[in-house]
Amino acid sequence: MHNSDIARRHEFAQEIAREAGVIARRYFGSGDRIQATEKGAHDLLTQADLDIDRLLIDRLREAFPEDGILTEESGGSAATNLWVIDPIDGTLNFARQIPHFAVSIAFHAQGRTESGVVYNPVTDEMFAARRGLGAFCNQRPIRVRDTRDATDAVVDAGYSLKRPVADYVVLVGELVGNGYGFLQNGSAALGLAQVACGRIDGYCELFLNSWDVLAGLLLVEEAGGWVSDFTADGGLLHGNPVLACTPSIRQSLQGLVPLGRNEPVKRAG
Ligand code: IPD
Ligand code: CA
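Below you will find a few notes about this structure. Quantities reported herein were computed from a predicted structural model and do not represent experimental measurements. (Residues numbered from 1 in each chain as written. Chains lettered and ligands numbered in written order. Predicted model: local features only at pLDDT ≥ 70, side-chain atom pairs only at ≥ 80, totals over all residues. Heavy atoms only, no water.)

Side note on a nonpolar patch on the surface
- Taken together, the side chains of Tyr159, Leu161, Val165 and Val169 make up a nonpolar region of the molecular surface, amounting to roughly 350 Å² of accessible area.
- Take Val165: its relative accessible area is 45%, and that puts it in the partly exposed class. (Patch = residues over 30% accessible without salt bridge, like charges linked within 9 Å, V, L, I, M, F, W, Y side chains within 5 Å. Areas by Shrake-Rupley, 256 points an atom, 1.4 Å probe, with all protein chains shown as cover. Salt bridge = Lys/Arg side-chain N within 4 Å of Asp/Glu carboxyl O. Buried < 20%, exposed > 50% of the residue type's maximum accessible area, 1.4 Å probe, protein only.)

What follows is the structure, given as structure tokens:
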């Protein structure tokens, strides 16, 4: 795909992320308890997820009818040029009036992510990256943090019920036992954006879907960080474990976070 076509899509992704943000803020600021239904334990769906999903699909279909679309709420299938979208990542936070959630939009073309946009509508922070052109927050360049070692590092370890609880418990034990500070902030997309802008040092989760992470992983890469090969072995459609961090702690974290799908977490001897 030509550079100018990618540039057009990158600008458009930010435009529709802002439009989605208007809907998210309207529900978030309504003061009432946001109505949510459970897709599974601690896995919620709100009317805002559905409204934003609809808006983004409609806007993209109109602007780029030739592109494929894959979203958390509507699904989709593989395409050479594919939009990968999470209308609200961090729905549990959103439903509980915690302002840590984001709209996540990635554009994946011919096997690699070319554009990644993660927008927090409450803080009005637009994290955006284009492959080879750097990562930005509200148009200011961002970089991963220059961390010395584990005791200087904080890692967000996302919790997924798609893997055995015991694995998560061991993972957190290993992180803390090796000196890492630990967070579980409830949005993979924003967690990755926080790594990219140097607020935290790493993000990991034992299983995630592409709509949760594709945009955020490009942010980390373009901000000088290291990211695991998420799309390996069918990850784009079937999900994979995720690790993304500042390069100085990569080796250490790779020893703690298994990156094979369904690979158990090992307790260090
Ligand atoms: C979830 C968030 C959370 C992660 C879960 C995801 P959702 O996405 O990214 O941080 O730990 O695995 O499912 O449900 O809020 O869109
Ligand atoms: Ca999500």
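What follows continues from the structure just given.
Quick look at helix α5 (residues 188–196)
- Burial analysis of α5 places nine of its nine residues in the buried class, the great majority of the element.
- Among the residues making up α5, those that are buried are Ala188, Ala189, Leu190, Gly191, Leu192, Ala193, Gln194, Val195 and Ala196.
- Phi for Gly198, located one or two positions after α5, is positive at around 80°. (Helix = DSSP H or I, 4+ residues; strand = E, 2+ residues; numbered from the N terminus.)

As for the packing of aromatic side chains
- If you walk through the whole model with that rule in mind, you get seven aromatic pairs.
- Measuring from centroid to centroid gives 5.1 Å for Phe28 and Phe101, while their planes differ by 50°, and the two rings are tilted. On the criterion of sequence distance, the pair formed by Phe28 in helix α1 (residues 3–28) and Phe101 in the loop between α3 (91–95) and β5 (102–109) is long-range, its members being 73 residues apart. The residues Phe28 and Phe101 share a single accessibility class, namely buried.
- Considering the side-chain rings of Phe94 and Phe101, the 4.9 Å spacing of their centres and the 75° angle between planes classify their relative orientation as edge-to-face. (Phe/Tyr/Trp six-rings, centres within 6.5 Å; stacked < 30°, edge-to-face > 60°.)

Some words on the site of ligand 1
- Around ligand 1 there are 17 residues in total, and Glu72, Asp89, Gly90, Thr91 and Glu205 lie nearest to it.
- Between Ile88 and ligand 1, the recorded distance is 3.2 Å, taken from a backbone N or O atom to an oxygen atom.
- Coverage of ligand 1 by the protein amounts to 88% of the 370 Å² it exposes when considered alone.
- Of the residues that constitute the shell around ligand 1, the class distribution is five nonpolar, six polar and six charged. (Near = heavy atom within 4 Å. Polar contact = N/O pair within 3.5 Å; in protein donor to acceptor, adjacent residues only side chain to side chain. Nonpolar A, V, L, I, M, F, W, Y, C, P; charged D, E, K, R; others polar.)

With respect to the packing of α1 against helix α2 (residues 47–63)
- Running from N to C, α1 and α2 cross one another at 155°; their axes reach a closest spacing of 10 Å. As summarised for this structure, α1 and α2 are arranged roughly antiparallel, according to the angle between their axes. For the pair α1 and α2, the crossing hand works out as right-handed. Only Gln47, Ala48, Asp51, Ile52, Leu55, Leu56, Arg59, Leu60 and Ala63 of α2 make contact with α1, whose side of the interface consists of Phe12, Glu15, Ile16, Glu19, Ala20, Ile23, Ala24 and Tyr27.
- For the contact of α1 with α2, the class distribution of residues is twelve nonpolar, one polar and four charged. (Axes fitted to C-alpha atoms, helices over the stretch in contact; angles between N-to-C directions. Parallel < 35°, antiparallel > 145°, perpendicular 65-115°, else oblique. Left-handed = near helix turned anticlockwise from the far one by under 90°. Contact = heavy atoms within 4.5 Å.)

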